[in-house]
Amino acid sequence: MLKEIKIFLLVIGSILLISIGSFFLFLHFAFDGAFTGPSYNKKDLIENYKKKKDEIIEVRNYFKSILPDGAGVSIEFKNDDELSIFHVKLDSVYQSNWKLNTKSPKVDSLLVELGWSTIELQTLKEKLDKANCISIKGRNPVVIGWQRSGMGMFSYNIFNQNLADDEIPSYNDGCNYIFYKTNVVLEYAGGAIGEQCFSELDRK
């Protein structure tokens with residue numbers, strides 16, 4: 001009888017382990033590693049800025065120099081060959097584009113619309129790599145994505161000018177934004193499963 005109970009518990013335990021493993025594997029693929037990838041915090045975000053400030057400013061300046069007047073671009077690199085995001089707004093027409101190969105016809109057509117070539121795309125990727133960042137969008141501020149963590153993205157909002165005193169509260173809202181210094185605001189935001197905020201510890 002005791003042997004049968006041990007076998008029964010062993011079988012139940014094995015089933016539970018397989019079920020839990022399958023669930024986490026599902027989460028990994030369904031949410032592109034959001035629940036199983038590295039976890040970061042505000043301290044990590046600030047440390048990267050201190051180490052890579054010049055490179056972050058350089059990629060901001062380069063992005064602004066190639067951004068056509070009136071255009072909006074949001075681009076996130078997954079690796080050298082894949083783009084997680086390549087959203088483009090031109091002449092009030094917004095195109096959402098997800099998970100594209102950098103050598104695909106769709107990317108080629110978007111580059112032509114922007115007046116870019118593969119050289120601009122490669123240069124942007126190289127400069128983001130040097131800044132230890134993965135994405136960029138906006139104009140003022142330019143929002144440079146550092147790393148994804150959980151269901152959100154840690155980013156730097158780099159403004160053209162220092163924020164005025166009456167502007168700071170909007171960028172120190174106790175959720176998505178933390179005013180860091182002069183023209184730099186830290187951001188943690190998502191939206192896939194509701195609003196994402198800095199942790200309570202980070203906000204303190």
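All values reported here derive from a predicted model rather than from experimental measurement.

Criteria and cut-off values
Residues numbered from 1 in each chain as written. Predicted model: local features only at pLDDT ≥ 70, side-chain atom pairs only at ≥ 80, totals over all residues. Heavy atoms only, no water. Helix = DSSP H or I, 4+ residues; strand = E, 2+ residues; numbered from the N terminus. Contact = heavy atoms within 4.5 Å. Areas by Shrake-Rupley, 256 points an atom, 1.4 Å probe, with all protein chains shown as cover. Expected span 1.5 Å × (residues − 1). Buried < 20%, exposed > 50% of the residue type's maximum accessible area, 1.4 Å probe, protein only. Pairing = 2+ DSSP bridges. 1 Å grid on protein atoms, 1.4 Å probe; cavity = no way out; pocket = protein on both sides within 12 Å on 5 of 7 lines; lining within 4 Å. Points joined across faces, edges and corners; volume = space filled by probe spheres on them. Nonpolar A, V, L, I, M, F, W, Y, C, P; charged D, E, K, R; others polar. Salt bridge = Lys/Arg side-chain N within 4 Å of Asp/Glu carboxyl O. Core = buried A, V, L, I, M, F, W, Y, C linked by side-chain atoms within 4.5 Å.

Attention now moves to the overall build of the protein chain. Across its full length, the protein chain carries five helices and nine strands. Reading the protein chain from its N terminus to its C terminus gives the helix and strand order α-α-β-β-β-β-α-α-β-β-β-β-β-α. Restricting the contact set of the protein chain to residue pairs at least 6 apart, pairs at least 24 apart contribute 48%. Accessible area of the protein chain: about 12,100 Å², with a carbon and sulfur share of 56%.

Turning next to helix α2 (residues 42-66). Since the α-helix packs 3.6 residues into each turn, any two residues three or four apart lie on the same face. Taking 1.5 Å as the rise per residue, α2 with 25 residues should run 36 Å; its terminal C-alpha atoms sit only 30 Å apart, a clear shortfall. Residues of α2 that are buried: K42, L45, I46, N48, Y49, I56, V59, R60, Y62, F63 and I66.

By the bridge criterion, three bridges tie strand β1 (residues 72-77) to strand β5 (residues 135-138) in an arrangement that is antiparallel. What sits directly across from E76, in β5, is S135. Pairing of β5 with strand β6 (residues 142-149), which is carried by four bridges, proceeds in the antiparallel orientation. For K137, the partnering residue across the bridge sits in β6 and is V143. Count of turn residues in the β5/β6 antiparallel hairpin: three residues.

The next subject is the side chain of T102. Looking at the element boundaries, T102 is found in the loop between β4 (98-101) and α3 (105-114). Once residues lying within four places of it in the same chain are set aside, the contact partners of T102 are D80, D81, E82, L83, V107, D108 and L121.

Structurally, F179 can be placed in strand β8 (residues 177-181). Dropping the residues within four chain positions of it, F179 is found in contact with L163, I168, Y171, N172, V184 and V185.

Empty pockets left among the atoms are what a rolling probe the size of a water molecule brings to light. In this structure, the second largest pocket encloses a volume near 210 Å³. Forming the boundary of the second largest pocket are F77, D80, D81, T102, K103, T118, L121, Q122, K125, E126 and D129. Per element, the largest residue contribution to the lining of the second largest pocket is six residues, and it comes from helix α4 (residues 118-130). Across the lining of the second largest pocket, the residue classes tally to two nonpolar, three polar and six charged.

Oppositely charged side chains may form a pair once their charged atoms are brought near each other. Summed over the entire model, instances satisfying the criterion amount to five salt bridges. Of the charged contacts in the structure, one is a salt bridge between D81 and K103, with a shortest N-O distance of 3.8 Å. Of the two residues, D81 sits in the loop between β1 and β2 (82-90) while K103 sits in the loop between β4 and α3, which places them 22 residues apart along the sequence. Taking the relative accessible area as the measure of exposure, D81 reaches 39% and is therefore partly exposed. Since its relative accessible area comes to 64%, K103 is described here as exposed.

Omega for the bond connecting N140 with P141 falls within 30 degrees of zero, at 10 degrees, which places this linkage in the cis form. Checked against the element boundaries, P141 lands in the loop between β5 and β6. Non-glycine residue D91 carries a positive phi angle of around 50 degrees. Relative to the helices and strands, D91 resides in the loop between β2 and β3 (93-95). On the accessibility criterion, D91 (74% relative accessible area) is exposed.

Looking at soluble globular proteins, one finds that nonpolar side chains tend to be buried together. Within the largest apolar cluster, 40 residues are counted, with the highest numbers of intra-cluster contacts made by I75, F86, L124, I136, I144 and Y156. Those elements that provide at least two residues to this core are α2, β1, β2, α3, α4, β6, β7 (152-158) and β9 (184-189). The greatest single-element share of this core, amounting to eight residues, is contributed by α2. For I136, the contacting residues outside a window of four places in its chain are V59, R60, F63, V73, S74, I75, L124, L128, V142, V143 and I144.

That's the geometry; what it means functionally is another story.
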